[in-house]
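Coordinate analysis (summary)
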Protein chains: 2
Amino acid sequence: MFEKNLLLSYLLDQYGAVLGERHRTLLDYYYNQDLSLAEIAAEIGISRQGVRDSIKKAEEELFFLEEKLHLHERTLKIAKASERLLALPLSNEAREAVQTLIEAAELTPH
Amino acid sequence: MFEKNLLLSYLLDQYGAVLGERHRTLLDYYYNQDLSLAEIAAEIGISRQGVRDSIKKAEEELFFLEEKLHLHERTLKIAKASERLLALPLSNEAREAVQTLIEAAELTPH
C-alpha cells in the first residue's frame, strides 16, 4: 500500500495538471495529505462511496497517461543517467551545460 | 499555415498516444499525409464538415496537453542543451553518459 501511495503521488505530480480540478483535489487529499475516505467525504460533502469512486476514476486516468506518455518512467531514467554523469570528472563549462540539460529534461510541469 | 502544420505534427508526435484512435487517424491524414478535408471525408465516409469539426476537437486536445505538460517546449530545450553540451570537449565515458541522458530525456513516446 505504501509503495502504491508513493507511485500515485509521483503520477499526480507528473500529470496532475491534466486532471480536472475535482479529481486533482481528491487525489491530493488522499495521497499527499493522507486524509481518509471518510474525512474527504466530510470535507467536500459527498458520500464516502462517491469519494472512493471518483478517486478510482482519477487513478485510472493517471495510469492511462503514464501508459501512453511514460513520463514517470522517463524521470527515473533521467535521474539515474544524471547521477552517473555528474559523478564523472567534467570541466566547469561541461558541468554547467549538463545542469542546463537536466533542467530542460525535468519532466514535472512547473 | 506551414508553421501551424509543423507545430501540430510535433504535438501529434508527443501526445498522439493519448488521443482516441479516430482523432489520431484524422490528424495523421491531415497533418502528416497532407490529405485535404474532402479526401479524408471520402476515405472514412463522413461529411467534410464532420472531418473539420473532429480535427478541430483533436487539435484542441493537443493544445490542452501541451499547455498542461509542456512536452514539446521541453523537447526543444533538451535539443538545444544537448547540442551545446556535445560541442564541448568530453571524455569518452562522459560522452557516453551524456548520450544515455539524452536518450532518457527523449520525450516522444516510443
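Structural data are supplied above this passage.
To keep things clear, this report deals only with the structure shown in the data block. In this text, all values refer to a predicted model and were calculated from it rather than measured experimentally.

Here we look at the overall build of chain A
Looking only at helices and strands, chain A features 6 helices and 0 strands. Mapped in sequence order, the helices and strands of chain A form the string α-α-α-α-α-α. For chain A, the C-alpha radius of gyration of 18 Å lies well beyond 13 Å, the compact-globule estimate for 110 residues. C-alpha atoms of chain A, sized along the principal axes, occupy 60 × 25 × 25 Å. Considering only residue pairs separated by 6 or more positions, chain A has 56% of its internal contacts joining residues 24 or more positions apart.

Some remarks on the interface of chain A and chain B
Contact with chain A, which involves 25 residues of that partner, is made by 25 residues of chain B. Of all elements in the fold, only α4 (48-69), α5 (71-86) and α6 (92-105) of chain A reach the threshold of two or more residues within the side of chain A that touches chain B. Take the side of chain A that touches chain B: its biggest share by element is 8 residues, from α6(A). By residue class, the composition of the side of chain A that touches chain B is 16 nonpolar, 4 polar and 5 charged.

Side note on the environment of B:Gly45
Positionally, B:Gly45 belongs in the loop between α3 (37-44) and α4 (48-69). For B:Gly45 and B:Phe64, which are 19 residues apart along the polypeptide, the C-alpha to C-alpha distance reads 28 Å.

Considerations on the relation of the copies chain A and chain B
Taken as rigid bodies, chain A and chain B are interconverted by a rotation of 180° and an axial shift of 0.0 Å, the fit giving an RMSD of 0.0 Å. In the structure described here, the two chain copies are related by an operation that fits a two-fold rotation axis. Of every C-alpha in chain A, the one belonging to A:Ala105 sits nearest the axis of rotation, 2.8 Å from it. Mapped onto chain B, 100% of the interface residues of chain A again fall at the interface, so both copies present the same surface.

Concerning the nonpolar core
The biggest cluster of nonpolar side chains holds 18 residues, and the ones touching the most others in it are A:Leu101 and B:Leu101. Elements with a minimum of two residues in this core: α5 and α6 of chain A together with α5 (71-86) and α6 (92-105) of chain B. With residues up to four places along the chain from it excluded, the contact list for B:Leu101 reads A:Ile78, A:Ala81, A:Ser82, A:Leu85 and A:Leu101.

A word on α5(B)
Residue and element names in this part refer to chain B. With 16 residues, α5 extends 22 Å between its outermost C-alpha atoms, agreeing within 8% with the 22 Å of an ideal straight helix rising 1.5 Å per residue. For α5, the full list of buried residues reads Leu-71, Ile-78, Ala-81, Ser-82 and Leu-85. For α5, the angular spread of buried residues about the axis comes to 105°, placing them on one side.

Examining the packing of α3(B) against α4(B)
All names here are of chain B. Orientation of α3 relative to α4, taken along the N-to-C sense of each, is 105°, at an axis distance of 8 Å. Here α4 runs roughly perpendicular to α3, going by the angle between their axes. Residues Leu-37, Ala-38, Ile-40 and Ala-41 of α3 pack against Arg-48, Val-51 and Arg-52 of α4. Its residues assigned to classes, the contact of α3 with α4 comprises 5 nonpolar, no polar and 2 charged.

Topic: the environment of B:Leu86
Its place among the elements puts B:Leu86 in helix α5. A residue is classified by how many C-beta atoms lie within 10 Å of it, and B:Leu86, with 15 of them, is partly exposed.

Some remarks on unusual backbone geometry
Residue and element names in this part refer to chain A. Positive phi is not limited to glycine here, since Asp-34 has a value of about 55°. Its identity as a non-glycine residue notwithstanding, His-70 has a phi of 55°, on the positive side. In this fold, His-70 is placed in the loop between α4 and α5. A tally of 18 C-beta atoms within 10 Å means that His-70 is categorised as partly exposed.

Parameters and conventions
- Residues numbered from 1 in each chain as written.
- Chains lettered and ligands numbered in written order.
- Predicted model: local features only at pLDDT ≥ 70, side-chain atom pairs only at ≥ 80, totals over all residues.
- Helix = DSSP H or I, 4+ residues; strand = E, 2+ residues; numbered from the N terminus.
- Rg over C-alpha atoms; globule rule 2.2 N^0.38 Å.
- Contact = placed C-beta atoms within 7 Å.
- Nonpolar A, V, L, I, M, F, W, Y, C, P; charged D, E, K, R; others polar.
- Least-squares fit on C-alpha atoms with pLDDT ≥ 70 in both.
- Core = buried A, V, L, I, M, F, W, Y, C linked by C-beta atoms within 7 Å.
- Buried ≥ 20, exposed ≤ 12 C-beta atoms within 10 Å, placed from the backbone.
- Expected span 1.5 Å × (residues − 1).
- Arc of directions from axis to C-beta.
- Axes fitted to C-alpha atoms, helices over the stretch in contact; angles between N-to-C directions.
- Parallel < 35°, antiparallel > 145°, perpendicular 65-115°, else oblique.

All quantities given are derived from atomic positions and should not be read as evidence of function.
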